[in-house]
Amino acid sequence: MSIFGTRQMRAAVIAVAAGSLVLTACGGSDNGGKTQNKSKTQEDAAKQSSAVVMGDAKASTGPAAEVPGAKPGGTMTVYQEADFSHLDPGQSYVSDAKQLDRLLQRGLTQYQEDDKGQLTVVGDLATDSGKVTDGGKTWTYTLKDNLKDENGNVIDSSDIRHTIERLYASYITDGPIYIQNWLSGEGTTYRKALPDGPYKGKHLPDSVLATPDAKTVVFKFKEARPDLAQALAMPGYSVVPKETDTKEKYDTDPVATGPYKIAEFKPGKSMKLVKNTNWDASTDSVRHQYVDGFNIEYNHDDDDQTKTLLADRGDAKNAVMFTGQVATNQVSKVVGDSAAMKRTIQGYAPYVWQLNFNLDRMTDKKLRDAITYAMPNAQLYKLDGGAYGGETATGLMAPTVPGYEKGYDPFGKLKKPNGDVEKAKQLIKEAGAEGKKVIYAYGNTPVRQQQAVLISKRLEEIGLKVVKKEIDSATWYEQVGKVKNGLDLYMTGWGQDWPAASTVIPPSYDGRQLQDGSSVYSHINDPKVNAEIARIMKITDPAEAQKAWTALHHDIVERINPAAPIYFTKVFQIFGSNVGGLRYSSDASYVDVTRLYLKK
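Here's what I pulled together on the structure shown here. Within each chain, residue numbers correspond to sequence positions counted from 1 in written order. Only residues with pLDDT of 70 or above have their local features reported here, since the model is predicted, and side-chain atom pairs are shown and tallied only from 80 upward, although totals for entire chains, interfaces and linings are computed over all residues. Side-chain figures throughout are based on the complete set of non-hydrogen atoms in the structure, without hydrogens or water.

### Quick word on the overall build of the protein
Logical step 1: Each helix and strand in the protein was counted, giving 17 helices and 20 strands.
Logical step 2: Projected onto its principal axes, the C-alpha positions of the protein cover 65 × 55 × 40 Å.
Logical step 3: Summary of the burial criterion: residues with accessible area below 20% of their type's maximum are buried, those above 50% are exposed, and those between are partly exposed, where the area comes from a 1.4 Å probe applied to protein chains only. Evaluated residue by residue, the protein yields a buried proportion of 63% over its 600 residues.
Logical step 4: Residue burial considers only the protein chains on display, and all accessible areas are found by Shrake-Rupley using a 1.4 Å probe. When the accessible surface of the protein is totalled, it reaches about 21400 Å², and 49% of it is carbon and sulfur. Helix and strand labels come from DSSP, where a helix needs a run of H or I of at least four residues and a strand needs a run of E of at least two; each type is numbered from the N terminus.

Structure representation (C-alpha cells):
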C-alpha cells in the first residue's frame, strides 16, 4: 500500500522518520540528550509480522465488542494536511483513503484487531472469512442478512459481482489489482477479460466469478489463492452498489455502506460525516458508531496539527489526526510532557520511503548507485519525525515484513547513514555523468520541501545538475504514477498490504503490472525479475516462498537498484484530551478509527 502524503507523499501505503541510526528501547536522544528515546524498535516491528488468523462465523457476527468506557454522542474534529486523493473505493490504495474507508465502506471481509495488534480476518458483509474448497482454488462467500447502503438499497451478490467487474474498466487506474490478476491474468492482461467493465452488459464467466443466488458469491481460480480473504479486506475491494455507481463521478460522491456517510464535501477545504442510519450494528463485528459525526478539516500540516492538539483548547480537545504525525520540531515538547504523552500512540509502520529512479530515463546503474550512496538518509528522516518517526532504511523491505533481514546493508548505510559522497563522486565520474541534468520531483508539503533542499544539495555536490519540480501533494501519486511522467527522481512510500513479501515485491517491481496508476513507480521491467515473481507466486510452502522472496529482494536491490532506500517509518500521533478509544492499528498503521469516542 502506498503511504499518503500528509507527510506526503506519504504514499503507496505512512511515515515519520528516525533521528538515530539503530534504535533500542532506551537508547539515543533526538534533542540533545534531554529526552530519553522511547520510540518503537525493530523488535516491535517483528511482532507485527505474525500471520493473520482466519475468523469463523462467530467472530464475524456483530455487534463489535464494546470499547471499555465508550460513550455515544458528540462530533469529532479531524485534522488533515491535504484532501483525500480518491473517494471511489476502487481507486483507493493510499493510507489516508484507508482511514476514511473504514468509516464509510464495507467489503466482503475486514480485519478485526486485538489490543496486542493481532489481526483476524472476519466476514464483513460476508458471514465468515470464506469457505475454501478445491485445494484453495475455490472460495465461497455467503452474505449476511439486513445489508443496505445509505439509500436503503439491499446489498446482494450482484453488487459484489459489480464491484469486482467495474475494476476492469479503463477509468479505474489507482487501486489494487491482486484479485483481477488472480481471476483473469497477470500484469495488465486482466483488462482484456472485460475491457468495458460491466457497463455494457457483459460479465466475467461463471467459471471465474459466480453468483448462483442473491446471497452467494463464488471466486474460482486456476491456482490456489490462500490470501484472498486478506486481499478482499483492502479498501480497493469495498462494495460499490450497482444501482448507485456513477462511474467516474463516483470518485467525488460515493455511497456509504459503513457506519458513516458524507453529508457535505467541499474539495480542498472540508468534509462532514454523519451517521448512516441504514448501517446495522448487528451485522458488523468490527466497527462502532459512537460519535454523531466527524468534521474533517484540510490544510492543517503536521506542525499546525501538533501545536493545536498539544495546546488542547476548545475544539482541539475533541480532535484527532487520521494520518498526521507529531511534527519533528515538536517531538521533544510532546515527549517531555507526561500528560500529553498519555494521549499519544506509537507504532512501527510497514513503509519504506524510497527515492525512485525512473528507469526509462535513468538507465545507467552506476549513476543510480552513485545517488544511492550519496543520499543523506539520517538527515532526511530527522526532518520527518526524528527518532519517533523512523530510521535509516538499508533495503526495500520493511522490518514488519516476514523475512526481513536485520543488518542487510548493500550500500553501507549503517556505517555512513549520511551518505558516502566520495564513493558517489567516483561512480559519477566512471559513468561520465558529471554535469548531467536530472529532474527531481517532490511534494509541496513542509517536510518534502525541506527534504528537497537536502537532496538537491547532495545531488549537486556529487556533480549533477538538478532541476526541481514541485507537485501538489494531494495528487502526488497520480502524477508520479503516470508512465510518461517526465521525471527522473521522486520519493514514494510503500508498505505491505498484509504481512507477506508477496504484497511488497510484485506490486512495486513486477514490470508486467506497469501502467498508468500502477505502483511500479520505478518503471522496472526486468525479464528475470518478472519470471522469478511468477515462479515464487506458485510456491505453496510459506517458508520456501519467504526464502525465495528474500533472494529476489537481494537481486532487485543489488543487480538493478530501481530505488534508493531512504528510511523505514514509524508513527507517533497525538490527540485531544476528550478523545477515548485510542489505539494504534497494525492494519491501518495509524490510529484505529473504528473505536473512537468522546469521553464527555
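From this point on, the discussion continues.
### Focus on the packing of aromatic side chains
Logical step 1: Any pair of Phe, Tyr and Trp rings, taking the six-membered ring for Trp, is counted once the centres come within 6.5 Å. Such a pair is stacked with planes under 30 degrees apart, edge-to-face with planes over 60 apart, and tilted for the rest. All told, the structure shown has 20 aromatic pairs when counted by the stated rule.
Logical step 2: On the basis of an interplanar angle of 65° and a centroid distance of 6.4 Å, the ring pair of Tyr381 and Tyr567 is categorised as edge-to-face. You can see Tyr381 sitting in helix α11 (residues 377-382) and its partner Tyr567 sitting in strand β18 (residues 563-574), a full 186 residues away along the chain. Tyr567 shares its class with Tyr381; the two are buried.
Logical step 3: Taken together, the ring pairs connect Trp139, Tyr141, Tyr178, Trp182, Phe219, Phe221 and Trp498 into an aromatic cluster.
Logical step 4: Sitting over the ring of Tyr250, Arg166 keeps its end group 5.5 Å from the ring centre. Working rule: Lys NZ or Arg CZ, within 6 Å of ring centre, within 35 degrees of ring normal, means a charge sits over the ring.

### With respect to unusual backbone geometry
Logical step 1: Here the bond from Gly62 into Pro63 is cis, since omega is 0°, no more than 30 degrees from zero.
Logical step 2: Positioned with a positive phi, His523 is a non-glycine residue whose angle comes to about 65°.
Logical step 3: Looking at where His523 falls in the secondary structure, it is placed in the loop between α15 (505-509) and α16 (527-536).
Logical step 4: Exposure remark for His523: the relative accessible area of 4% places this residue in the buried category.

### Description of the nonpolar core
Logical step 1: In terms of nonpolar packing, the biggest core is built from 162 residues, with Phe219, Ile296 and Ile371 touching the most fellow members.
Logical step 2: In what follows, residue pairs with any heavy atoms lying within 4.5 Å of each other are defined as contacts. Setting aside anything within four residues of it in sequence, one finds Ile296 in contact with Val78, Gln80, Phe84, Leu100, Lys269, Ser270, Met271, Leu273 and Phe322. We define the nonpolar core as a collection of buried residues of types Ala, Val, Leu, Ile, Met, Phe, Trp, Tyr and Cys that are connected through side-chain atoms lying within 4.5 Å of one another.

### Digging into the side chain of Gln451
Logical step 1: Within the fold, Gln451 resides in helix α13 (residues 446-461).
Logical step 2: The exposure class assigned to Gln451 is buried, which follows from its relative accessible area of 1%.
Logical step 3: In the analysis that follows, any N or O atom pair within 3.5 Å is treated as a polar contact, provided that within protein one partner can donate a hydrogen and the other can accept it, and provided that, for residues neighboring in sequence, both atoms belong to side chains. At a separation of 3.0 Å, a polar atom in the side chain of Gln451 contacts the main-chain carbonyl oxygen of Leu380.
Logical step 4: Leaving out residues up to four positions away in the same chain, Gln451 has contacts with Leu380, Leu383, Asp384, Tyr440, Met491 and Tyr567.

### Here we look at the packing of α16 against helix α17 (residues 542-560)
Logical step 1: Note on geometry: axes are C-alpha line fits, over the in-contact stretch for helices, and angles between N-to-C directions span 0 to 180 degrees. It is at 10 Å that the axes of α16 and α17 come closest, and there the two elements cross at 170°. One element, α16, and the other, α17, form an angle in the roughly antiparallel class. From α16, Lys528, Val529, Glu532, Ile533, Arg535 and Ile536 reach across to α17, where they touch Ala545, Ala548, Trp549, Leu552, Asp555, Ile556, Arg559 and Ile560.
Logical step 2: Only Asp, Glu, Lys and Arg are considered charged in this grouping, and only Ala, Val, Leu, Ile, Met, Phe, Trp, Tyr, Cys and Pro are considered nonpolar; every other residue, Gly among them, is considered polar. Residues that form the contact of α16 with α17 fall into these classes: 9 nonpolar, no polar and 5 charged. Note on angle classes: values under 35 degrees are labelled roughly parallel, values over 145 roughly antiparallel, values of 65 to 115 roughly perpendicular, and the remainder oblique.

### Here's the deal with a positive patch on the surface
Logical step 1: A contiguous patch of positive charge on the surface is contributed by Lys71, Lys317, Lys599 and Lys600.
Logical step 2: Tracing the sequence through the fold places Lys317 in the loop between α7 (302-311) and β12 (319-321).
Logical step 3: Given a relative accessible area of 38%, Lys317 falls into the partly exposed group. Each patch groups residues whose relative accessible area exceeds 30% and which form no salt bridge, using 9 Å between like charges and 5 Å between nonpolar side chains of Val, Leu, Ile, Met, Phe, Trp and Tyr. Think of a salt bridge as a Lys or Arg side-chain nitrogen and an Asp or Glu carboxyl oxygen that are within 4 Å of each other. This count recognises Lys and Arg as positive and Asp and Glu as negative, with His and chain-terminal groups excluded. Just so you know, the charge point we use is NZ for Lys, CZ for Arg, CG for Asp and CD for Glu.

### Some words on the packing of helix α10 (residues 365-374) against helix α12 (residues 421-431)
Logical step 1: Put simply, α10 and α12 touch, their axes get as near as 8 Å, and they point 165° apart. By the angle class used here, α10 and α12 are roughly antiparallel. Relative to α12, α10 is oriented so that their crossing is left-handed. From α10, Lys366, Leu367, Asp369, Ala370, Tyr373 and Ala374 reach across to α12, where they touch Lys423, Ala424, Leu427, Ile428, Glu430 and Ala431.
Logical step 2: Residues of the contact of α10 with α12, tallied by class, amount to 8 nonpolar, no polar and 4 charged. Crossing handedness is read from the near helix: turned anticlockwise from the far helix by less than a right angle, it gives a left-handed crossing, and turned clockwise, a right-handed one.

### Description of the pairing of strand β4 (residues 119-123)
Side chains on a regular strand alternate between the two faces of the sheet.
Logical step 1: For β4, a buried count of 5 out of 5 residues is recorded, marking the element as mostly surrounded by other parts of the structure.
Logical step 2: The two faces of β4 match: Leu119, Val121 and Gly123 on one face and Thr120 and Val122 on the other face are all buried.
Logical step 3: Any two strands with at least two DSSP bridges between them are considered paired. When strand β1 (residues 53-54) meets β4, the two strands line up parallel, connected through 2 bridges. By the bridge assignment, Met54 is partnered in β4 with Val121.
Logical step 4: In this structure, strand β3 (residues 109-113) lies alongside β4, joined through 5 bridges in antiparallel fashion.

### Points about α13
Logical step 1: Expected helix span is taken as 1.5 Å per residue step, with the number of steps being one fewer than the number of residues. Relative to the 22 Å expected for 16 residues at 1.5 Å per residue, α13 spans 23 Å between its end C-alpha atoms, a close match to the ideal helical length.
Logical step 2: Turning to α13, its buried residues number three or more, namely Val447, Arg448, Gln451, Ala452, Ile455, Ser456, Arg458 and Leu459. Down the axis of α13, the smallest arc covering the buried residues is 165°, so these residues share one side. Opposite the packed face of α13, turned more than 90 degrees from it, sit the exposed residues Val453 and Lys457.
Logical step 3: Among the residues trailing α13, Gly463 stands out with phi positive, at a value near 105°. Throughout, the arc means that of the directions going from the helix axis to the C-beta atoms.

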